[in-house]
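Architecture at a glance
So you can see what is in the structure, the chains are spelled out below.
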Amino acid sequence: MSVDIAVENENLKNKLNAYEEIIKKHEIDSLTELYSRQKFFSEIRRTLDADSDKRFIFMRFDIDHFQLINSFFGLEEGDKLLQYLAFKIRQFSLILPSCIIGRIEGDIFGLCCQLNGSLTMLQAMMQQNIQSFVGGYRADYELRIIIGIYPIEDNSMAVESIYSKAVLASKKCKESATGGGYFAFYDESMSETIVKNQRITNQMNVALKENQFEVVLQPKCHLQTGKLIGAEALVRWKHPENGYLPPSEFIPVFEKNGFISKLDEYVWSKACEYIRSWIDNGFDLIPISVNVSRCDLRTQNLPAKFAQMLDKYGVPAKYLHLEITESAYMEDAQVIIKEVQRLKDIGLHIEMDDFGTAYSSLNMLNEMPIDTLKLDMSFIRNYEKSPGKDVILSFV
């Protein structure tokens, strides 16, 4: 049987084109026409291996709160924004040597290029060009681009590990961002912090079960008479191996992972135990102030929880003061005010802590159901140098 060579060649050509199209779809992101994650990482690997004697940097770009843009403006608008950022990164790459660009996933992009000059020079260049990423798109919402930068120290390092370090820099950047465009460089302390925080998370439930958390009382005294008029409950972690850990090490971790609510409830019960022991021993009673976090205020039936605790220990409500930071009122203020009012309705004394740090309006202050204001130290520091503060304090 004879074979038509021309027909066979045409069939092979069509198959080859189909395979090339499949490969292209696999390697190129269809929306932005940048490399896909797999192709992007493989190109970085090839480049690092080929130029092992040269120094490179990896940048990770993402749009802060991109999901909100999709929710408010729609997916089509979200896609346009992704294309815009891809275009801006291409523009930025023109001033950098040997650039590889890719869309890693969603709103996350990456760029890898040679590092010419010092990190100080790179930082100066980033500061000059950062606004170009956020300007010129739309005026009806704030566009925030987060850039995590990792100067690659070892070209043989796995690309996934390189990317992970840029992710840590991005997280640090988001924690400290206060403007329109932000970038942060990775440093080893970021990895150390992650490991340290994970260790704290792994140990926190056992610590609570084994009563490693100690509740100590800081006295409150009347400035004119020196008389003891109250106390504030403070928590300390007596670690079996590391000794006492300062609250600054574990409280921020607990606030992020939600464990703070369990710890707060533990402190509330310990405060009630103190007051109960004073009652049983015939001592003069003073109120104890305990912290109530933003997480606690979102707990269902919080007033009922306090009522049950006071009833369990036989403690009058007036001897338990609840400290709520000013910043807790800043998010969903009316909802928080209603919840605090419910706590006040069962007889609990409400204190606003850290007043003067969260810029609440004096009008809002008038609506808040509070009994005591605790001025933050920064509010009255250098008081004599700020003559306008006496007017504010007089009003308060």
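Here we summarise the structure given alongside this text. Note that the structure is predicted; figures quoted are calculated from it, not measured. (Residues numbered from 1 in each chain as written. Predicted model: local features only at pLDDT ≥ 70, side-chain atom pairs only at ≥ 80, totals over all residues. Heavy atoms only, no water.)

Re the overall build of the chain
Here is the rule: A run of H or I in DSSP becomes a helix once it reaches four residues, and a run of E becomes a strand once it reaches two; helices and strands are each numbered from the N terminus. Note on exposure labels: buried denotes an accessible area under 20% of the residue type's maximum, exposed denotes more than 50%, and partly exposed covers the range between, all computed with a 1.4 Å probe on protein chains only. Any two residues whose heavy atoms approach within 4.5 Å are treated as being in contact. Using a 1.4 Å probe, the Shrake-Rupley method yields the accessible areas, and only the shown protein chains count as cover for residues.
Secondary structure assignment for the chain yields 15 helices and 12 strands. Sorting the 396 residues of the chain into buried and exposed places 42% on the buried side. In the chain, 65% of the contacts between residues at least 6 apart in sequence involve partners at least 24 apart. A total accessible area of about 22300 Å² is found for the chain, and carbon and sulfur atoms account for 52% of it.

Considering the pairing of strand β2 (residues 100–105)
Note the cut-off: A pair of strands is treated as paired once DSSP finds two or more bridges between them.
Extensive coverage of β2 is indicated by the burial of 5 of its 6 residues. Judged from the 5 bridges that link them, β2 and strand β3 (residues 108–114) form a sheet pairing that is antiparallel. Each bridged residue has a counterpart across the sheet, and for Ile101 the counterpart in β3 is Leu111. Once β2 ends, the chain turns through 2 residues before running back antiparallel as β3, passing Gly106 with a positive phi of about 45°.

A look at helix α8 (residues 247–257)
Note the cut-off: In this description, the arc belongs to the directions extending from the helix axis to the C-beta atoms.
Where α8 is concerned, the buried positions are Phe250, Ile251, Val253 and Phe254. Taken down its axis, α8 places every buried residue within 165° of arc, on the same side. Exposed positions of α8 whose direction lies more than 90 degrees from the buried face are Ser248 and Lys256. Summarising the contacts, the buried residues of α8 are in contact with α7 (188–209), β6 (213–221), β7 (228–239), β8 (243–245) and α9 (260–280). Phi turns positive, to about 90°, at Gly258, one or two residues after α8.

Quick word on the packing of aromatic side chains
The relative placement of two aromatic rings is captured by the distance of their centres and the angle of their planes. Definition in use: Stacked, edge-to-face and tilted are the three classes for Phe, Tyr and Trp ring pairs, Trp counted by its six-membered ring, which pair at centre distances within 6.5 Å; planes under 30 degrees apart are stacked, over 60 edge-to-face, the rest tilted.
Inspection of the entire model under this criterion finds 15 aromatic pairs. On the basis of an interplanar angle of 45° and a centroid distance of 5.0 Å, the ring pair of Phe213 and Trp237 is categorised as tilted. Separated by 24 residues along the polypeptide, Phe213 in strand β6 and Trp237 in strand β7 bring together distant segments of the chain. Of the two residues, Phe213 and Trp237, both sit in the buried class. Linked through ring pairs, Phe213, Trp237, Phe250, Phe254 and Phe259 together constitute an aromatic cluster.

A look at the packing of helix α11 (residues 302–313) against helix α12 (residues 333–345)
Helices that pack against each other are described as a pair by the angle of their axes relative to one another and the distance between those axes. Using the following cut-off: Only the contacting stretch of a helix is used when fitting its axis, a line to C-alpha atoms as for every element, and angles between N-to-C directions run 0 to 180 degrees. Roughly parallel means an angle under 35 degrees; roughly antiparallel, over 145; roughly perpendicular, 65 to 115; everything else is oblique. In this scheme the handedness of a crossing depends on how the near helix is turned from the far one: anticlockwise by less than a right angle means left-handed, clockwise means right-handed.
Between α11 and α12, the shortest axis-to-axis distance is 9 Å and the interhelical angle comes to 25°. As judged from the angle between their axes, α11 and α12 are roughly parallel. As α11 runs across α12, the sense of the crossing is right-handed. In this structure, α11 uses Leu302, Pro303 and Phe306 to contact α12, whose residues at the interface are Glu339, Arg342 and Leu343.

Thoughts on the packing of α9 against α11
We count it as follows: Nonpolar residues are Ala, Val, Leu, Ile, Met, Phe, Trp, Tyr, Cys and Pro. Charged residues are Asp, Glu, Lys and Arg, and all others, Gly as well, are polar.
At a minimum axis distance of 9 Å, the contact between α9 and α11 shows a crossing angle of 30°. Accordingly, the angle class assigned to the pair α9 and α11 is roughly parallel. Once α9 is placed against α11, the crossing between them reads as right-handed. The segment α9 lies against α11, with Glu265, Trp268, Ser269, Cys272, Glu273 and Arg276 engaging Leu302, Lys305, Phe306, Met309, Leu310 and Tyr313. Among the residues making up the contact of α9 with α11, the classes are represented as 7 nonpolar, 1 polar and 4 charged.

Quick word on a nonpolar patch on the surface
Put simply, the rule reads: Patch construction takes residues with relative accessible area above 30% that form no salt bridge. Like charges are linked within 9 Å, and nonpolar side chains (Val, Leu, Ile, Met, Phe, Trp, Tyr) are linked within 5 Å. Each reported salt bridge corresponds to a side-chain nitrogen of Lys or Arg within 4 Å of a carboxyl oxygen of Asp or Glu.
A grouping of Leu68, Phe72 and Phe73 is seen on the molecular surface, where their side chains present a nonpolar patch of about 320 Å² in accessible area. Following the sequence through the fold, Phe72 ends up in helix α3 (residues 66–73). Owing to a relative accessible area of 69%, Phe72 belongs among the exposed residues under this scheme.

Here we look at the nonpolar core
As a reminder of what qualifies: Among buried residues, the Ala, Val, Leu, Ile, Met, Phe, Trp, Tyr and Cys ones that are joined through side-chain atoms within 4.5 Å form a nonpolar core.
Core analysis: the biggest nonpolar cluster contains 53 residues, and Phe213, Phe250, Phe254 and Leu263 have the highest contact counts within it. With 9 residues, the top contributor of residues to this core is α9. In this view, Leu263 contacts Phe213, Val235, Phe250, Ile251 and Phe254; residues no more than four positions away in its chain are not counted. With 32 residues, the next largest nonpolar core counts Ile63, Leu85, Ile101 and Ile145 among its residues.

Notes on a negative patch on the surface
Worth spelling out the cut-off: Under this rule, positive means Lys or Arg and negative means Asp or Glu; His and the chain ends count for nothing. The location of each charge is read from NZ of Lys, CZ of Arg, CG of Asp or CD of Glu.
Residues Glu153, Asp154, Asp187, Glu188 and Glu192 make up a contiguous surface patch of negative charge. In this fold, Asp187 is placed in the loop between β5 (181–185) and α7.

Describing the side chain of Asp62
What counts, and what does not: Side-chain atoms alone can form a polar contact between residues adjacent in sequence; in general such a contact is a pair of N or O atoms within 3.5 Å, and within protein one must be able to donate a hydrogen while the other accepts it.
Examined against the element boundaries, Asp62 turns out to sit in strand β1 (residues 56–63). At 2.9 Å, the side chain of Asp62 and the side chain of Arg60 are in polar contact. Setting aside its immediate chain neighbours within four residues, Asp62 contacts Asp107, Ile108, Arg144, Ile145, Ile146, Ser170 and Lys174.

A short note on the pattern of salt bridges
Opposite charge on two side chains makes pairing possible when the charged atoms of those side chains draw close. Under the criterion given, the structure shown has 20 salt bridges. Each of the salt bridges in this network shares a partner with another, and the network as a whole consists of Lys220, Glu232, Glu323, Glu351, Asp353 and Lys374.

Function cannot be read off these values alone, since they describe shape.
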